[in-house]
Structure formats: structure tokens, C-alpha cells
Amino acid sequence: MCKTRLDDLDLSNPVVVHPIKTFPLIKDLVTDVSWNFEVNKKIKGFTPAKDSDFVYHQEDADRVQEFRKCIECFLCQTVCQVLRNHDGHDKFYGPRFFVRLAGLEMHPLDTANRLQEIDREAGVFLCNINKCCTTVCPEDIHVTDNAIIPLKERVIDQMLDPILKIFRAIVGK
Amino acid sequence: MSHPVTVGRIGWFKTDRQDTWWLEPLLVIVGLGLFAIYSTISAVVLDSHFEYGPYLSPFYEPLILVDWWHFSPAILILWVPLGFRVTCYYYRGAYYKAFFLNPPACAVTGSETKSYTGERRFPFILQNMHRYFLFLALVLNVLLWVGAIKSLWYGGLVGIGVGRSRCRSCRTSPASPGPSGPLELQGGQVRFVWR
């Protein structure tokens, strides 16, 4: 991993370093990760209301702060089985961008609605919660528990839950 | 996209990992498999040995005996905790690895298919009913606690026997609904003030 210390390793055996596997190899340890930056452009950015006063609770700030620790090493992308094993690049954004989407969706001042995108273009339901992204994150971001599962539950809540749909149709909300 | 990205087939169980990555899925297969066999025998096959004195097998709590049902009364109850556990986020992650090899372990190649649809198509879209199984399990949990308290009374006296040591309410306890437990109750909303 990108922050592994040599003194944490058993140096009596050779230390093998590979390039990450989910993206095309350019040379040596260098891979072409530009696909990720193309995905990033598709996400609607922070959209505060015009009259926002940017005062909110510390707890809300703390909540999204975790997602801002991402250093875009893309280890989560390379270990994600949807990208790595199922070639899902055309229908799945990958864990790094669920972290970004969660940071935007949970921001107390953001007003944009990205749930349709999270469901369809980003393909959040392709994730099967195997938590490999969380395991490899060098910044200790709880990608699955704090970003992906809440996004799934939001989409279920607003778009998929049949009982809630009926309830909203009756009460008109 | 500026260019397509494709990994191509790698092959089953291909990995550069040198640790015992296979141990965790193996333990899940053995542990969960044995529990499934034990539960089936206890709840379905041995369906006439579930009650003694104040004790009732937790698989049968609350006991529903009705004329029109000719199978084990446990089946009328067990679909709730079964559905709750099967759709639990934590369990999903474990059994997708162990039983579906999707993937067998992190950075180990398992199932590879371009037509993978995850939990957005039938049957796995039904995993999203987890919240409703949670609601039902919480109701069942109250009934389990009632049963647990009733089992403390024996012959008009209060006491604790060996049979009491089995924690009934642990079966669906809200104290252990998995790492995402409260999220279903909140519809994915965070626990604090705004969203």
C-alpha cells in the first residue's frame, strides 16, 4: 500500500511491489488512472443555496471531513471487484467517487439532488459490501460503512422503497 | 470517457497475496454452513422436542400453534430472523465472498462477468428489504424478551437453570444488528442535525 512502512514488513523475504491492476500499465509502476478524472468531472459539484450563511453544527462538519481525507491513491478503485473482476468501468464510478458523492450529499449546505445519478450512472447497487475498499484505504476512511451504505439507504428511501412510495402518494409529499 | 478501460479475464483465485487469504472465507463456509445444518435440524426435523417446563427453544419463540399449519411451528417465526440476517450488510459481505466467490477475498480473482448486475436486479435487489426485516425483528425481539422473563419462573418460584443460559433475545437483538443498524431506521440519513 502507498503508506506501508518498510519496518512493518518481514524483510527476511523479498518485498514485491506491483503496479495497481485495474488500470492500464504505462511503464514500471506507472498506470494510466485518467479514467478516474473523467468520472470525477461527471459529478455535480458543491451547490449551496444563494443565501447560505455557512454556519452549521460542528458535528456536520466532522461528518464530511472524513471524506475529505482522500488522497486519491485509487487503491480502493483497484481492489474493487466491480472494476477489477467485472470490468464495470462503463456503469460504476467506484468507491473513491462514492466517498466524494457522500461528502457532497451529506454536506449541510448542499442543495443538489444526486440520487438519480448515484443509482443509475454511478451504479451504487453494483457494490456488494465486501469492504475491500475500506481495508486498503491508507487514510482509514470507512468507505463502505460511512459512504456507500448511507448512499444506498438514501436511494432506497427516496426511489426504491415501494411502501414509502405509496405513503408519499397518499400524504402528497 | 476519453478511452475505454478493460482489465480482461484474470482467472479463478489468481492473486499476488502471500498470506492465508483463504482462511476467512473457509471459516465462514464451515461456521455458517454448520449453523444452517444445525438450525434446519433443530427447527424443522426435530419439531416435537422444543419445549420443557418453562423452557422453549428460541427457534420456536413465540410459539404459534394453529390447526391449519401442519409443519414445524418454528417455520412461522424463523423467516423473520433469517430474512434479517440474510439481508444484513455485514453478512452480505461475508457470504458473497465465501459462497459466491465474488470475490473470494480482497485482490483475489473470483467470479468475472461483464453482465454483473450486483444488487440492482432480481433476486439480489430484494436485499434492500433489510429495513423491513429489521422492523419485524425488533417486534420479535420484544416477544423474545417476554419469553426469556417467563422462563425464569418455575413451579411458582424465580430461578435460573442451565437451560436459561441460552440468550433468546441475542437472536435478533437490536444491540447487534450489524454495523449499519441505525441507518435503515434513518433512511440513510446521518445521525446529526441537518441531513
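That block above? That's the structure.
Rules used in this analysis
Residues numbered from 1 in each chain as written. Chains lettered and ligands numbered in written order. Predicted model: local features only at pLDDT ≥ 70, side-chain atom pairs only at ≥ 80, totals over all residues. Heavy atoms only, no water. Disulfide = S-S within 2.5 Å. Helix = DSSP H or I, 4+ residues; strand = E, 2+ residues; numbered from the N terminus. Buried < 20%, exposed > 50% of the residue type's maximum accessible area, 1.4 Å probe, protein only. Core = buried A, V, L, I, M, F, W, Y, C linked by side-chain atoms within 4.5 Å. Contact = heavy atoms within 4.5 Å. Salt bridge = Lys/Arg side-chain N within 4 Å of Asp/Glu carboxyl O.

*Asks:* Looking at this structure, I do not really get the state of the cysteines. What am I missing?
*Replies:* Working definition: the covalent bond between the sulfur atoms of two cysteines is a disulfide. In total, this model carries one disulfide over all chains according to the counting rule given. Each sulfur of the disulfide joining A:Cys132 and B:Cys106 lies 2.0 Å from the other. Between A:Cys132 and B:Cys106, the disulfide has an S-S torsion of -90 degrees and is therefore left-handed. Of the two residues, A:Cys132 is situated in helix H7 (residues 132-136) and B:Cys106 in the loop between helix H3 (89-98) and helix H4 (130-150); the pairing between them involves two chains. The burial state of A:Cys132 is the same as that of B:Cys106; both residues are buried. As a non-bridged cysteine, A:Cys133 has A:Cys127 as the owner of its nearest cysteine sulfur, 6.2 Å distant.

*Asks:* Help me understand the nonpolar core, please; the structure alone is not making it clear to me.
*Replies:* It is characteristic of soluble globular proteins that their nonpolar side chains tend to be buried jointly. Of all hydrophobic cores here, the largest spans 42 residues; its most connected members are A:Phe92, A:Phe98 and A:Leu101. Breaking this core down by element, the ones donating at least two residues are helix H1 (34-42), helix H4 (81-84), helix H5 (95-105), helix H6 (115-119) and helix H8 (143-160) of chain A. The element contributing the most residues to this core is H8(A), with eight residues. When near neighbours in sequence (up to four residues on either side) are disregarded, A:Phe98 contacts A:Phe92, A:Ala122, A:Gly123, A:Val124, A:Ala147, A:Ile148 and A:Leu151. Counting eight residues, the second largest nonpolar core, distinct from the first, contains B:Val80, B:Leu134, B:Ala137 and B:Leu144.

*Asks:* Looking at this structure, I do not really get the pattern of salt bridges. What am I missing?
*Replies:* Between side chains of opposite charge, a pair can form when the charged atoms approach closely. Enumeration according to the criterion identifies 16 salt bridges over all chains in this entry. A:Asp7 is the partner of A:Arg5 in a salt bridge, and the nearest nitrogen-oxygen pair spans 3.0 Å. Taken as a pair, A:Arg5 and A:Asp7 share a single burial class, namely exposed. Of the charged contacts in the structure, one is a salt bridge between B:Asp19 and B:Arg17, with a shortest N-O distance of 2.7 Å. Owing to a relative accessible area of 40%, B:Asp19 belongs among the partly exposed residues under this scheme. Using a relative accessible area of 30% as the deciding quantity, one classes B:Arg17 as partly exposed. What you see here is one network of salt bridges that share partners, running through A:Glu153, A:Asp157, A:Asp161, A:Arg168 and B:Arg131.

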